[in-house]
Amino acid sequence: MTRRTNLLGLDLKGLEAFFVELGEKPFRARQLLQWIHKYRVTDFAEMTNLSKALREKLQEVSEIRLPEVMHEHISRDGTRKWIIKLSCGNAIETVFIPEDGRGTLCVSSQVGCALTCTFCSTAQQGFNRNLDAAEIVAQLWIANEALGKDPKGNRVVTNVVMMGMGEPLANYNNVITAMNLMRDDFGYGISWRRLTLSTSGIVPMIDKLREDCHVSLAISLHAANDELRDKIVPINQKYPIAELLAACKRYVAGDQKRRHITVEYVMLAGVNDSMQDARDLVRILKDLPTKINLIPFNPFPGTDYECSSRNQIERFKQYLMDKGLVATVRKTRGDDIVAACGQLAGEVQDKSRRSERMAQQREVVLYR
Ligand code: SAH
């Protein structure tokens, strides 16, 4: 028997094609989107605006399948983390961060990550596979199911950031399909301002994203010169800073609506936090509309990095602001449940054997 199609991971176009193939009218796709994503109904029998015959046909050839939540952790600051079980012993993490007037969901795109940023816990886990579109959008479905609406009837999850485990632009098609569903009014209806994709800088895919899906863009810059960025964000060896910033310029060009790029900059003591780094940052960002988000480094087991002092982070930020840049310090949230930026690890059955190699390298350093 061939496997039934999981309708959870089809966007409007995908569902329309699915219905046409079944010999049905394409408008059925909108009805299905609403049932699945708005009302979170997973049983075809409950889809009362479809004929009984169609419901039975759907039951035969398709399904609405969600991954299973293994654990839910709630932080003392209200942050929540779900550990979601996938096939073959893998698990991913999704984090909800409540703030005044909004609630942000941090969504994962891969099991582990194939990139090797030295300060990121996910990178140490190695890589297993891409998430499919259903597994990506399921994270929002699950959060909505758990959090529902506030007393005024508004959804508690108002914003989504593709900032969980993985590099979203390295899983391009599935991430686009999932973001289409998040944006679609028949799906989650999240505006592009409230949907942000963060990338370490896969330049050709930034140009493609501009064409394919209207979302806000964040880049993980973390260094103001290539020598340092080559080391701490090694994808820089392939796409150096000048190329990355040129792609960002193209991303905002010609469209008044895409007003700025968010620049993420993790504060690592003695590594990238000197006043010279701040000056370099001002110089390289001067022609690009940006908002700089300084992220206090979140430690994880086995790391040698330390977070910059509070004073240094403040001085760094003040310097940027004095030079006319917009800079904020990201509040650390959920660190008591290991849910802060860069701490997401899940369970990754590492196929790249990187975690093993990295552990060996650490031993070499320790026992030298
Ligand atoms: N791969 C994408 C999506 C991850 S977003 C990207 O690189 O943008 C997660 C953000 O947290 C990135 O900016 C990442 O660089 C940052 N980060 C990673 N490890 C961190 C740590 N230990 N402390 C603080 N921020 C970290």
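Residues numbered from 1 in each chain as written. Predicted model: local features only at pLDDT ≥ 70, side-chain atom pairs only at ≥ 80, totals over all residues. Heavy atoms only, no water.

## What to know about the domain arrangement of the chain
So the rule is basically this: Where each domain begins and ends follows an automated or database-derived domain assignment. Put simply, buried area is the surface a 1.4 Å probe can reach on two separate parts but cannot reach once they are joined, added for both. Within this document, salt bridges are pairs made up of a side-chain nitrogen of Lys or Arg and a carboxyl oxygen of Asp or Glu, the two lying within 4 Å of each other. Between N or O atoms, a polar contact is any pair within 3.5 Å; within protein, one atom must be a potential hydrogen donor and the other a potential acceptor, and residues adjacent in sequence are included only when both atoms are from side chains. A helix here means a DSSP run of H or I that spans at least four residues, while a strand means a run of E at least two residues long, and both kinds are numbered starting from the N terminus. Amino acids outside the nonpolar list (Ala, Val, Leu, Ile, Met, Phe, Trp, Tyr, Cys, Pro) and the charged list (Asp, Glu, Lys, Arg) are all regarded as polar, and Gly is one of them.
Taken domain by domain, the chain holds domain 1 (5-63) and domain 2 (68-361). The C-alpha-based centres of domain 1 and domain 2 are spaced at 33 Å. Of the roughly 1300 Å² buried between domain 1 and domain 2 on both sides combined, carbon and sulfur atoms contribute 62%. Summed over the three residues of domain 1 that lose the most area to domain 2, namely Asp11, His37 and Arg40, the buried surface amounts to 45% of that side. One can count 1 salt bridge joining domain 1 with domain 2. Here Arg40 ties to Glu145 by a salt bridge, and the two come within 2.6 Å at their closest N and O atoms. At the boundary of domain 1 and domain 2, one finds 4 residue pairs in polar contact (both at pLDDT 80 or more). When residues of the side of domain 1 that touches domain 2 are assigned to their parent elements, the largest contribution, 6 residues, is made by helix 2 (residues 28-38). Its residues assigned to classes, the side of domain 1 that touches domain 2 comprises 5 nonpolar, 5 polar and 4 charged.

## What about helix 1 (residues 12-21)?
One full turn of an α-helix is made of 3.6 residues, so residues set three or four places apart face in the same direction. Note the following rule: Throughout, exposure labels follow a simple rule: accessible area from a 1.4 Å probe, protein chains only, divided by the maximum for the residue type, with under 20% read as buried, over 50% as exposed, and the rest as partly exposed. Directions are taken from the helix axis to each C-beta atom, and the arc is the one they span. Residue contacts are counted whenever heavy atoms from the two residues lie within 4.5 Å of one another.
What helix 1 keeps buried is the set Leu12, Leu15, Phe18 and Phe19. Projected down its long axis, helix 1 shows its buried positions confined to an angular sector of 125°, all on one face. Exposed and facing more than 90 degrees away from the buried side of helix 1 are Lys13 and Glu21. Elements that come into contact with the buried residues of helix 1 comprise strand 1 (5-6), helix 2, helix 3 (52-61) and strand 2 (62-63). Looking one or two places after helix 1, you find Gly23, whose phi comes out positive at around 80°.

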